[in-house]
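# Structural description and commentary
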Amino acid sequence: MTVGNVKEVPVLTRENELDVEGEARVYRSLRHFWHVVAYSHEVTDKPVGFTLLEKDIVIVRLNGEISVFDDICPHRGTRLSLGHVRDGCRLECPYHGWQFDQEGELTLAPQRPDLAGQLRARTRKYLSVEKYGMVWACLEDKPHFPLPDYPVWDNPEFHYVAVSPAEDWDCSAPRRVENYTDYSHFAILHDGFLADRTVPQVPPHDVFRNGNKLENVQGEGAWVRVPIDSAAWGGKDKPADPYLRMYFKWRVFMPLTCVYDISFQDGNRYHLLFHPTPMGPRKTRNFTVSHRDFGDKAKANEELGDFVKLIYDQDRWVVESQRPEELPEDLTKEMHVKGVDKYSVEYRMWLLELARELTKPVIHLHQESVK
Ligand code: FES
Ligand SMILES: [Fe+2]
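Residues numbered from 1 in each chain as written. Chains lettered and ligands numbered in written order. Predicted model: local features only at pLDDT ≥ 70, side-chain atom pairs only at ≥ 80, totals over all residues. Heavy atoms only, no water.

Naming follows an unreviewed UniProt entry, where the protein chain appears as Aromatic ring-hydroxylating dioxygenase subunit alpha of Paraburkholderia phytofirmans.

Listed below in structure tokens is the structure:
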């Protein structure tokens, strides 16, 4: 195409498409999925601001139901999350008091109440739902996959174990998922807490796709042994054997929700759902809910929730140090060990497939002068 004396030449190089652009496409594709934006108990009678994929949103409870809007007033651009809930059913901007209903439609401009119903102003509303004690939202109208399953939420045999408040980490969300699913660091980084460095081998395991899940199932009898002195699993009777033995089964509901089932040799169970929500390409908020079917319910948070937080702290400085911050789209940029890193490799390949399916490459234009 020639515009005036300038010729625009579309250039889409292989290197660009498959390298940096590939990582950017993974990030862009994440807007097509459900993400946790708050714990339910955090959204009471005040609006809550959050940043999802660099989009500022406000989460508010109107008429008892969650609504998620753009965090910007159409009048003068003020953050609505600084405002108030009026009569339990309208969100009021703090600047000039414009009020918005559950659908984000303007219902009142106090300075000109006579214009009610005539001003065509609204703040954009996004899909949202409350499930598993969390608020989930999606920036696209049709989420690519349904919400993850976490059946123990409704199972009376289990009781809730609160893990610390959500924390913001300086890392990409897929890096954090890989950390969660990376079995082979347990014996080293979590030596004495989640495993034992004298047994660093990774048990045989199968990795396979099942619907929207990437499953990881260990072989029969592939117990992970944990020193009981780690105080890891408070509330359990100490066995004569100095080790507890655990069996892991985990899955990622693509692209980011990790669900663990841990069974102990004595039959006790601990389940956990974890979602690292991308606030930006290199900023992640970590949300966790978990349940166990053993021990004293009243002591669950202190005995196990605090332990999970301790493990998170051990992971944090390592994950935040990883470079590049995004998972390299080019698998040859890092080394993968057969039988050990299979889960990571399969995870990356699926992420990239989703990115290719849901996003288009950016075409960069060169401009050349035409003599
Ligand atoms: S900026 Fe919101 S009411 Fe004026
Ligand atoms: Fe870890």
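This is not the end of the story, as more comes after the structure.
### What to know about the coordination of the iron ion (ligand 2)
On the protein side, the iron ion (ligand 2) has H185 (NE2), H190 (NE2), D315 (OD) and D315 (OD) as donor atoms, found 2.1 to 2.4 Å from it. Around the iron ion (ligand 2) sit four donor atoms, and with donor-metal-donor angles ranging over 58 to 153° the site reads as irregular. Sequence spacing among the residues donating to the iron ion (ligand 2) works out to H-x4-H-x124-D. Here H190, found in the loop between α4 (186–189) and β15 (205–210), pairs with D315, found in helix α5 (residues 300–321); they are 125 residues apart in sequence, far enough to count as distant. Side by side, H190 and D315 carry an identical accessibility label, which is buried. (Donors = N, O, S within 2.8 Å, 3.2 Å for Na, K, Ca; no water. Tetrahedral: all angles 85-135°; square planar, octahedral: opposite > 155°, others 65-115°. Helix = DSSP H or I, 4+ residues; strand = E, 2+ residues; numbered from the N terminus. Buried < 20%, exposed > 50% of the residue type's maximum accessible area, 1.4 Å probe, protein only.)

### A few points about the pairing of strand β11 (residues 125–131)
Consecutive residues of a regular strand have side chains that alternate between opposite faces of the sheet. The pairing of strand β6 (residues 65–70) with β11 spans two bridges and is antiparallel. In the sheet register, F69 faces β11, and the bridge partner there is K125. What sits between the antiparallel neighbours β11 and strand β12 (residues 134–138) is a turn of two residues, in which Y132 has the positive phi angle 60°. (Pairing = 2+ DSSP bridges.)

### So, the pattern of salt bridges
For the structure shown, the criterion picks out 29 salt bridges. Across the pair E140 and R31 runs a salt bridge whose closest N-O atoms are separated by 2.6 Å. Placement of the pair is E140 in the loop between β12 and β13 (159–161) and R31 in the loop between α2 (20–29) and β3 (35–39), with a sequence separation of 109 residues. On the accessibility criterion, E140 (25% relative accessible area) is partly exposed. (Salt bridge = Lys/Arg side-chain N within 4 Å of Asp/Glu carboxyl O.)

### Points about the sheet that holds β3
Ordered in space as β3-β12-β11-β6-β5-β4, the six strands form an open sheet in which the pairing is antiparallel. Each having just a single partner strand, β3 and β4 (48–52) make up the two edges of the open sheet. Averaged over all pairs of adjacent strands, the angle between their axes in this sheet comes to 35°, without regard to strand direction. In this sheet, β6 lies alongside strand β5 (residues 55–62) in antiparallel orientation, the contact comprising six bridges. Looking at β6, one finds that I57 is bridged to D70. (Axes fitted to C-alpha atoms, helices over the stretch in contact; angles between N-to-C directions.)

### As for helix α6 (residues 342–358)
Across its 17 residues, α6 extends 24 Å between first and last C-alpha, which sits within 8% of the 24 Å expected from 1.5 Å per residue. When we look at burial in α6, the residues that qualify are Y343, S344, V345, Y347, R348, W350, L351, L352, L354, A355 and L358. (Expected span 1.5 Å × (residues − 1).)

### Examining the packing of helix α3 (residues 173–181) against α6
The axes of two packed helices give the description: the angle between them and the distance between them. Orientation of α3 relative to α6, taken along the N-to-C sense of each, is 150°, at an axis distance of 10 Å. Compared by their axis directions, α3 and α6 come out roughly antiparallel. Crossing of α3 over α6 shows right-handed handedness. Contact residues: P174, R175, V177, E178 and T181 in α3; Y343, S344, Y347, R348 and L351 in α6. (Parallel < 35°, antiparallel > 145°, perpendicular 65-115°, else oblique. Left-handed = near helix turned anticlockwise from the far one by under 90°. Contact = heavy atoms within 4.5 Å.)

### Some thoughts on the sheet that holds strand β10 (residues 106–108)
Pairing in this open sheet of four strands is antiparallel, and the strands run β7-β8-β9-β10 from one edge to the other. Lying at the two open borders of the sheet, with one neighbouring strand each, are β7 (84–86) and β10. Pairing of strand β8 (residues 90–92) with strand β9 (residues 99–100), which is carried by two bridges, proceeds in the antiparallel orientation. Paired with E92 across the bridge in β9 is Q99.

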